[in-house]
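Chain residues, written in single-letter form:
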Amino acid sequence: MIRLERRPQPSRAWTALTPVLAVLLTMVVGGIMFALLGKPPLEAIRIIFWDPLFHPQFAAYSRPQLLVKAGPLILIAIGLSLGFRAGIWNIGAEGQYIMGAICGAGMGLAFYPTTSPLIFPAMVMAGALGGWAWAMIPAVLKVRFGTNEILVSLMLVYVAEALLASVSQKLLRNPEGMGFPGSRNFKQFPAAHNAEIFANSGMHWGVIAAFVAVIFAYVLLTRHIQGFNIRLTGEAPRAARFSGVSPARIIFLCLGFGGALAGAAGLFEVSGPAGQITIDFNSGYGFTAIIVAFLGRLHPVGILLAGLLMALTYIGGELAQLMLGLPGASIQLFQGMLLFFLLATDVFTNFRLRFGKTEVT
Amino acid sequence: MADTLLSLRGLTKAYPGVVANDDVSFDIRVGEIHALLGENGAGKSTLVKMIYGLVKPDRGDMTLGGAPYVPGEPKAARASGVSMVFQHFSLFEALSVAENVALGMENPPKTRDLARQIREVSETYGLPLDPFRVVGTLSAGERQRVEIIRCLLQNPRLLIMDEPTSVLTPQEVEILFATLRKLSSEGTAILYISHKLEEIRSLCDHATILRLGKKVATCTPAESTARELGELMVGSSFAAPVARAHASGAVLLEVQNLSLPAPGAFGTPLRDISFSVKAGEVLGLGGVAGNGQDELLAALSGERLSPPGSVTLKGEDVSRAGPMSRRDAGLLSAPEERLGHAAAPAMSLIENGVLTAARREGLVSRGFVNWGKARKFAQSVITAFDVRTPSPMAAAGALSGGNLQKFVIGREILQRPDVLVVNQPTWGVDAAAAAAIRQALLDLAAKGAAIIVISQDLDELMEVSDRFGALNEGRLSPLRPVSELNMEQIGLMMGGAHDMEVAHVA
């Protein structure tokens with residue numbers, strides 16, 4: 001018989017090992033899936049993980065894309081991880097991301113076509129505030145009425161999507177856009193454009209913000225008393241209350257951070273890579289960031305690596321669709337496997353396998 | 001009466017890193033009350049788990065009534081006539097007494113027949129119980145009766161009782177003993193696990209003493225003194241706390257007309273509690289578990305705020321202040337539940353030090369935790385209170401209960417509180433460490449702190465307290481000096497016998 005035995009304390013080795021193991025298992029099972037689809041499995045894996053960075057022809061285009069895609073994922077995932085550490089499950093980062101983009105873009109478009117250097121910083125502030133305000137809705141409802149933040153934040157994603165559809169057709173529509181839905185393009189509005197800082201690097205202000213957020217979260221969680229309180233609340237809520245931590249304060253803090261970072265990510269995206277508010281400008285970063293947060297073990301450095309890895313599978317996945325004709329759904333399945341195997345191997349951090357006869361205890 | 005019922009020969013059980021039972025052999029006779037004595041960690045639980053079929057021995061064998069006895073699971077043990085009443089009850093609070101009893105049976109009869117059987121057994125053995133009451137509304141003593149009746153309905157030959165008196169008032173203990181004596185006179189053997197020596201001397205025919213997994217002796221407790229039994233149990237004599245001069249100073253903590261609603265469906269409301277504690281004084285608060293102990297601690301620690309004016313610390317009203325400001329003002333506390341309340345199981349001892357000592361020990365400056373200082377503080381608690389741990393980096397949940405308790409109490413004492421409130425300070429701690437903790441509390445009082453000890457261990461309260469009061473259904477009895485009290489008075493203060501009657505021994 002095989003059975004699981006609880007470890008006296010979580011294994012450090014396994015904590016570090018599980019993401020690597022999960023990636024390897026995903027490659028193996030994903031490879032089998034590609035083979036069943038009639039595509040060469042090794043080539044598919046090489047295209048997903050290797051070619052985006054080193055292919056002689058495509059790498060020049062796809063390498064900068066790595067940072068473009070990883071930036072928002074990391075920024076959102078860092079914000080979410082603070083809440084997840086405290087046991088506060090903000091699933092609605094996608095909505096906060098959309099609201100950040102709408103508010104930030106609205107702020108910029110209001111000043112079109114002036115050229116003040118203060119416009120872009122003001123947009124970032126407005127974007128972060130928009131996301132923060134959207135996250136405050138589940139926070140206030142939870143503190144005041146004890147509602148479940150998972151449901152409220154998730155449902156608010158659909159509200160945000162409806163708002164996005166509305167403003168791109170009405171309020172923020174480009175007056176010179178011949179009636180097409182969608183706002184003015186920020187590429188034609190230099191004071192508000194989140195351009196690449198170095199040409200062809202993919203590095204825009206959102207990426208810088210993501211790196212700063214990683215460092216900030218790392219210092220907060222390891223050195224600062226508020227980070228300690230967040231971890232304590234997640235580990236043992238009663239002990240946190242005994243220590244004097246106010247649960248309401250942690251809820252506001254964590255949802256607020258998550259919302260503000262998601263909102264800022266939305267603004268950086270809409271004013272940079274996306275360029276304009278459109279009906280379907282959001283591309284699921286807010287949901288994928290949940291995977292990134294867990295893949296990174298809710299640890300800032302882990303999230304940084306996980307964000308880059310996830311971005312790689314995105315770009316590699318597109319490349320594989322292009323070169324091998326793999327169906328898009330199979331790439332999503334591939335990414336889903338990554339989280340699945342991570343959660344499955346995660347068991348070994350807290351449990352160890354025992355072989356031998358069973359014993360009732 | 002001289003026939004052997006259960007015979008254990010060379011029982012051995014090892015767990016990774018520890019031998020829980022090492023070559024234990026003894027006999028239990030038909031109809032005798034046999035005590036199993038030992039400190040926490042001596043191997044009593046493992047031994048009875050083997051008898052009850054919960055754990056398989058590595059070596060050794062058992063015979064029951066002359067036949068080999070190898071219970072593979074509790075069901076088999078029950079079928080052979082071995083029943084057990086656990087220390088922690090396994091009852092569903094939302095179900096009725098009869099439903100709970102039915103859940104433990106292989107082929108439960110119809111509820112009406114079962115209710116009649118329950119009534120019969122409860123009348124025969126003086127354990128009155130309404131089969132249709134919901135368990136959530138029963139007191140701890142009544143819940144124990146449910147467990148006992150559940151066992152008696154199976155007509156056991158051997159009844160195992162694990163520390164049954166820890167949740168009872170002295171009067172309830174007398175009634176339980178009468179029931180057990182009646183059972184014994186009818187031929188049911190009882191294996192009685194305890195570390196309360198006086199109880200064993202008055203109740204048990206024989207006693208087997210375990211120390212560090214080995215049998216030290218089997219003796220007749222009535223012929224030994226409690227001190228002899230205690231020394232057999234511990235292996236050496238330990239220092240009893242030193243009596244001290246009673247120098248009480250100014251009132252440090254005053255509680256006036258404190259009333260709070262129950263925190264949850266099965267919590268206890270606090271009803272009009274008033275008392276005060278002076279500098280240098282130890283106030284002992286007894287009571288059966290679940291009569292408002294946790295709720296009182298939460299109201300004093302600041303986890304629950306109370307109406308203005310109800311809690312006054314050194315002349316300042318702190319009723320509306322949270323735990324942090326109360327700690328700043330010198331009011332510290334240690335809750336009963338170690339894992340998850342007093343300490344976070346998955347966090348290190350260093351981090352658990354920061355949990356309450358962050359501000360008083362200056363472990364945080366401008367919002368940043370000074371981990372070097374925090375480590376030194378945790379280390380000083382570990383050293384001062386002899387906490388056995390590989391390092392201060394170890395997770396709190398990896399420590400044994402007694403060691404974590406030493407850490408939790410030590411953490412508060414080393415912060416030099418003006419007022420310290422502790423709930424069950426020595427629960428699950430071995431005798432030597434318990435003596436050390438009590439001594440530390442007395443030393444702290446001698447230095448001028450006011451201390452409130454909430455405990456269910458009356459011997460402990462008698463040993464450390466100057467004044468005594470009892471909590472009963474959220475009310476506090478009048479406080480009396482300990483020197484004027486005897487056990488009977490204490491029992492009445494704790495709420496008497498909770499409507500129980502002595503078994504009508506035929």
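Residues numbered from 1 in each chain as written. Chains lettered and ligands numbered in written order. Predicted model: local features only at pLDDT ≥ 70, side-chain atom pairs only at ≥ 80, totals over all residues.

Under an unreviewed UniProt entry, chain B has the name Nucleoside ABC transporter ATP-binding protein and belongs to Puniceibacterium sediminis. Per UniProt, chain B carries the Subcellular location (unreviewed entry) text "Cell membrane". (UniProt positions renumbered as here; feature names shortened; annotations may be inferred.)

Going by an unreviewed UniProt entry, chain A carries the name Nucleoside ABC transporter membrane protein and comes from Puniceibacterium sediminis. A UniProt comment under Subcellular location (unreviewed entry) is attached to chain A, and it reads "Cell membrane".

### Some words on the overall build of chain A
The number of helices and strands found in chain A is 14 helices and two strands. Here the C-alpha radius of gyration of chain A, 22 Å, is about what a compact globule of 361 residues would show, namely 21 Å. In chain A, which comprises 361 residues, the proportion classed as buried is 50%. Look at the contacts in chain A between residues 6 or more apart in sequence, and 79% of them connect residues 24 or more apart. (Helix = DSSP H or I, 4+ residues; strand = E, 2+ residues; numbered from the N terminus. Rg over C-alpha atoms; globule rule 2.2 N^0.38 Å. Buried ≥ 20, exposed ≤ 12 C-beta atoms within 10 Å, placed from the backbone. Contact = placed C-beta atoms within 7 Å.)

### Digging into the sheet that holds strand β1 (residues 4-15) of chain B
All names here are of chain B. Across the sheet, four strands lie side by side as β2-β1-β4-β5; this open sheet has antiparallel pairing. In the strand order of this sheet, the two ends are held by β2 (18-29) and β5 (67-68), each with one partner. Sheet analysis places strand β4 (residues 59-64) next to β5, joined by two bridges and oriented antiparallel. In the sheet register, leucine 64 faces β5, and the bridge partner there is alanine 67. (Pairing = 2+ DSSP bridges.)

### Some words on the packing of helix α4 (residues 59-85) of chain A against helix α12 (residues 285-295) of chain A
Residue and element names in this part refer to chain A. Interaxial distance between α4 and α12 falls to 8 Å at its minimum, and their mutual angle equals 60 degrees. When the axes of α4 and α12 are compared, the crossing they make is right-handed. Seen from α4, the contacting residues are Pro72, Leu73, Ile76, Ala77, Leu80, Ser81 and Phe84; seen from α12, they are Tyr285, Gly286, Thr288, Ala289, Ile290, Val292 and Ala293. Residue composition of the contact of α4 with α12, by class: 11 nonpolar, three polar and no charged. (Axes fitted to C-alpha atoms, helices over the stretch in contact; angles between N-to-C directions. Left-handed = near helix turned anticlockwise from the far one by under 90°. Nonpolar A, V, L, I, M, F, W, Y, C, P; charged D, E, K, R; others polar.)

### A few points about the packing of helix α11 (residues 349-357) of chain B against helix α13 (residues 401-413) of chain B
All names here are of chain B. Running from N to C, α11 and α13 point in directions that differ by 45 degrees, and their axes come no closer than 10 Å. Judged by the inter-axis angle, α11 sits oblique to α13. Between α11 and α13 lies a crossing of right-handed hand. For the pair α11 and α13, the contacting residues are Leu349, Gly353, Thr356 and Ala357 in the first and Phe407, Arg411 and Glu412 in the second. A per-class count over the contact of α11 with α13 returns three nonpolar, two polar and two charged. (Parallel < 35°, antiparallel > 145°, perpendicular 65-115°, else oblique.)

### Regarding the UniProt feature "transmembrane region" (unreviewed entry) in chain A
All names here are of chain A. Sites flagged by UniProt as "transmembrane region" (unreviewed entry) map to residues 12-37, 66-84, 96-112, 118-141, 150-168, 203-221, 250-268 and 329-348. Annotated as residues 96-112, this span is 88% helix and 0% strand, and its ends, taken at the C-alpha atoms, are 24 Å apart. Secondary structure across residues 118-141 comprises 96% helix and 0% strand; the distance between its end C-alpha atoms is 35 Å.

### Some points on the interface of chain A and chain B
Taken together, the 20 residues of chain A in the interface contact 29 residues of chain B. At the level of secondary structure, the elements contributing two or more residues to the side of chain A that touches chain B comprise α9 (225-235) and α10 (237-243) of chain A. Looking at the side of chain A that touches chain B, its residues break down into nine nonpolar, six polar and five charged.

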